[in-house]
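The residues making up each chain are set out below.
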Amino acid sequence: MKKSFFFIIILFINTLNNPVFAQQKGGASYYADKFHGRKTSSGIPYHRDSLTCAHKTYPFGTILEVINPKNGKKVLVEVTDRGPYSRNKIIDLSYAAAKQLDIIHQGVTTVELSEWIWDLTRFKPFVFEFNNIFVKVSHPAAKNLKIDKEKVLK
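Residues numbered from 1 in each chain as written. Predicted model: local features only at pLDDT ≥ 70, side-chain atom pairs only at ≥ 80, totals over all residues. Heavy atoms only, no water.

1. Looking at the pairing of strand β3 (residues 63-67)
One face of the sheet, then the other: side chains in a regular strand alternate in exactly this way. With four of its five residues buried, β3 lies for the most part within the structure. Note that β3 and strand β4 (residues 74-81) share five bridges and pair antiparallel. Its bridge partner being in β4, Leu-64 is matched across the sheet by Val-77. With antiparallel pairing between neighbouring strands as the criterion, β3 and β4 make up a hairpin whose turn holds six residues, including Gly-72 at a positive phi of roughly 80°. Sheet analysis places β3 next to strand β6 (residues 109-115), joined by four bridges and oriented antiparallel. Bridge pairing in β6 links Ile-67 to Glu-112. (Buried < 20%, exposed > 50% of the residue type's maximum accessible area, 1.4 Å probe, protein only. Helix = DSSP H or I, 4+ residues; strand = E, 2+ residues; numbered from the N terminus. Pairing = 2+ DSSP bridges.)

2. Topic: the sheet that holds β4
Judged by pairing direction, the barrel is mixed, and its six strands sit side by side in the order β1-β5-β2-β4-β3-β6 before closing back on the first. The average angle at which neighbouring strand axes cross in this sheet is 45°, direction not considered. (Axes fitted to C-alpha atoms, helices over the stretch in contact; angles between N-to-C directions.)

3. Overview of the packing of aromatic side chains
Note on aromatic pairs: each is described by the distance of the centres and the angle between the planes. Summed over all chains, the structure comprises three aromatic pairs. Between the aromatic rings of Tyr-31 and Tyr-46, the centroid separation amounts to 4.5 Å while the plane-to-plane angle is 35°, which identifies the pairing as tilted. On the criterion of sequence distance, the pair formed by Tyr-31 in the loop between β1 (23-30) and β2 (52-54) and Tyr-46 in the loop between β1 and β2 is long-range, its members being 15 residues apart. Of the two residues, Tyr-31 and Tyr-46, both sit in the buried class. Joined through ring pairs, the aromatic side chains of Tyr-31, Phe-35 and Tyr-46 make up one cluster. Taking NZ or CZ as reference, Arg-48 lies 4.1 Å from the ring centre of Tyr-95, over its face. Positioned over the ring face of Phe-60 is Arg-82, at 4.3 Å from the centre of the ring. (Phe/Tyr/Trp six-rings, centres within 6.5 Å; stacked < 30°, edge-to-face > 60°. Lys NZ or Arg CZ within 6 Å of the ring centre and 35° of its normal.)

4. A few points about the side chain of Thr-52
Position of Thr-52 relative to the elements: it lies in strand β2. Setting aside chain neighbours within four positions, we find Thr-52 in contact with Tyr-46, Val-77, Glu-78, Thr-80, Asp-92, Leu-93 and Ser-94. (Contact = heavy atoms within 4.5 Å.)

5. Section: the pattern of salt bridges
The tally for this structure, following the rule as stated, stands at four salt bridges. Here Asp-33 ties to Arg-48 by a salt bridge, and the two come within 3.2 Å at their closest N and O atoms. In this pair, Asp-33 is assigned in the loop between β1 and β2 and Arg-48 in the loop between β1 and β2, connecting sequence segments 15 residues apart. (Salt bridge = Lys/Arg side-chain N within 4 Å of Asp/Glu carboxyl O.)

6. With respect to unusual backbone geometry
The residue after Gly-83, namely Pro-84, is reached through a cis peptide bond having omega -5°. Topologically, Pro-84 is positioned in the loop between β4 and β5 (89-93). Even without glycine at this site, Asp-102 takes up a positive phi of about 60°. By the secondary structure assignment, Asp-102 is in the loop between α2 (95-100) and β6. Taking relative accessible area as the criterion, Asp-102 reaches 39% and is therefore assigned partly exposed.

Below, the structure written as structure tokens:
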């Protein structure tokens, strides 16, 4: 009894440490040029050069990572609209996003999408090293500077 309880606790803790991200696979198309400048469901005007998309269920403002499995290209898009209202499609992309995925000439193509989570472990911090920095002091300023050489050299 104690072993099975211990096993269940360990299993539960392990599932909390490894988040499962929902992924969808399905058809994707892109907005026609006639929608450029029109308001989306979120109230933001659609711009063909912005990286936005329409999705049926994700909340507005959600960042999605869309992958074209045929060529491995990826793009991050923001959900700003609802749709598509077709059975075989799961997402409508802006022209710029479709161009980055190379699906412009394909019409409807299969893509994989998942919610993009900001992960700080992916990024390495910048380290600045200041090894050889010399400050030149002009002659008049050097007169006003009084340095005790014995204290500095200790």
